[in-house]
Amino acid sequence: MADIKCFTFKIRKNDVMSDILIVNIKELLQVENEPVSYVAGKDMQNLPRIENAWLWIKEGKVFDYGEMSELPGKEGLPTERIDAAGKYVLPAWCDSHTHLVYPQSREIEYIDKIKGLSYEEIAARGGGILNSAKKMQEDSEDKLYEDAMKRLDEIARWGTGAVEIKSGYGLTTESELKMLRVIKRLKENSKLTIKATFLGAHSIPMEYRDDQSKYVDIVINEMLPRVAEEGLADFVDVFCDKGFFTVEDTDRILETAAKYGMRPKIHANELDYSGGIQVGVKHNALSVDHLEFTGDAEIAALKNSGTMPTILPGAAFFLNMELAPARKMMEAGLPVALATDFNPGSSPSGNMQLIMAMGSVMYRMLPEEVINAVTINTAYAMGVEKELGTIAKGKKANVIITKDIPSVEYMTYAYGENKVEMVILNGEVM
Ligand code: NIG
Ligand code: FE
């Protein structure tokens, strides 16, 4: 048996892939026999599981799994074995909303916040996103890449196996392309599964504040064609909110993005009832994210859409905001996803386990609901639900082995502790 503690962590692709058998698993969680795209409403309380289980990983994929009692009859079992007695095994987290390529932290601005300035006031003074955009101009692609790689390493230690990363600190064509090229390099070199989102419409640069439609024109006529031509983005995003981009701006950008085959993932209803949710649904957005200002009309718009409502607890916590009505959404039969929003301005942490604890503590979500919200539902919200988000035969072997913990409930209860002992990505032990 391999000693679980002797593995060192390496997230850059280079290791040799071997077949692995994990045995004596206390519970194998989020197993899926019939594929689903996401879990909604009351079903979020179900977490399919097998007690005293084994899991066979072959060529980077989930090959087979079952109860320990069936194992002796199996042929061709791998010699490399991991004993997971007392431990849970479950799919690695998918973090469907981050801005983890950024030039520098912004703790000084945070002190302004503590002193009482609002997010919008800081943005109006040229702080916030514009502050990061200024620093972005100065940083080299190599530095951005190395810094982001370290952040990927850090989030993987907490169990994240897939991550969506946005541009949006460029705000000029060249700078946006630079960010997206960094994300492309991360995709090529990291073991994490990465999706890229073009967020040229993240904030309005100072010189366009009198006529923001001119900046929207640049996003549409200059940025989008270049991004599409270089194949740099999987998705498109717009910060559709009070003081940022309007519903009309968003409509125009999404219409053009659709021509390039980019599906939207929208920043919506964080600061007001902005109409962001509705315009996102209208354009068949994969997700609408933040959602602090969600009422009956927004819930009605989301019903029977293919749009995943995604809550970002880290930002609400850090900015001390209203909380999105998670329970109300689930009671209305909607799915809910939880992601970190990892960014230097409103959520300087990519720790999904902390987000999961916030899901229970702040949003009163049950541990089972939380686990669904950070695995299958976030996998859907980043378009990877066919390959990730559950333990299913043929899916990528992105799995977490927990420490010896007393229960599943402990996952969202012990909020400061890293409950993850080992992370396996694409069948490789990290
Ligand atoms: O998701 N809401 C818009 N954008 C980011 C904030 C980014 C920043 O402040 O740097 C967010 O919270
Ligand atoms: Fe965000």
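Our subject is the structure listed above.
Since the model is a prediction, treat every value here as computed from it, not as a measurement.

With that settled, the discussion passes to the site of ligand 1. Around ligand 1, 15 residues are found, and the nearest of them are Arg106, Tyr169, His202, Asp341 and Ser346. One nitrogen or oxygen atom from the side chain of His202 is found 2.8 Å from a nitrogen atom belonging to ligand 1. With respect to ligand 1, the side chain of Ser346 contributes an N or O atom lying 2.5 Å from an oxygen atom. Protein contacts shield 100% of the accessible area of ligand 1, which totals 330 Å² for the unbound molecule. Partitioned by chemical class, the residues of the shell around ligand 1 number 4 nonpolar, 8 polar and 3 charged.

Under the criterion given, the structure shown has 9 aromatic pairs. Judged by centre distance (4.4 Å) and plane angle (20 degrees), the rings of Tyr110 and Phe318 are stacked. Within this pair, whereas Tyr110 is found in helix H1 (residues 107–114), its partner Phe318 is found in helix H10 (residues 313–318), the two being separated by 208 residues in sequence. Taking relative accessible area as the criterion, Tyr110 reaches 29% and is therefore assigned partly exposed.

Okay, empty space enclosed by the protein next. Summed over the entire model, instances satisfying the criterion amount to 1 cavity of 30 Å³ or more. Quantified by volume, the largest cavity comes out at close to 100 Å³. Residue classes in the lining of the largest cavity are distributed as 4 nonpolar, 7 polar and 3 charged.

With 105 residues, the main nonpolar core has Leu100, Val101, Leu152, Leu186, Phe198, Ile253 and Met365 as its most contacted residues. The element contributing the most residues to this core is helix H6 (residues 212–229), with 8 residues. Sequence-distant contacts of Ile253, that is, excluding residues within four places in its chain, are made with Ala201, Val216, Val219, Ile220, Leu224, Val236 and Val238. If you look at the next biggest cluster of nonpolar residues, it comprises 21 residues, including Ile50, Leu55, Ala84 and Val89.

About the thresholds
Residues numbered from 1 in each chain as written. Chains lettered and ligands numbered in written order. Predicted model: local features only at pLDDT ≥ 70, side-chain atom pairs only at ≥ 80, totals over all residues. Heavy atoms only, no water. Near = heavy atom within 4 Å. Polar contact = N/O pair within 3.5 Å; in protein donor to acceptor, adjacent residues only side chain to side chain. Areas by Shrake-Rupley, 256 points an atom, 1.4 Å probe, with all protein chains shown as cover. Nonpolar A, V, L, I, M, F, W, Y, C, P; charged D, E, K, R; others polar. Phe/Tyr/Trp six-rings, centres within 6.5 Å; stacked < 30°, edge-to-face > 60°. Helix = DSSP H or I, 4+ residues; strand = E, 2+ residues; numbered from the N terminus. Buried < 20%, exposed > 50% of the residue type's maximum accessible area, 1.4 Å probe, protein only. 1 Å grid on protein atoms, 1.4 Å probe; cavity = no way out; pocket = protein on both sides within 12 Å on 5 of 7 lines; lining within 4 Å. Points joined across faces, edges and corners; volume = space filled by probe spheres on them. Core = buried A, V, L, I, M, F, W, Y, C linked by side-chain atoms within 4.5 Å. Contact = heavy atoms within 4.5 Å.

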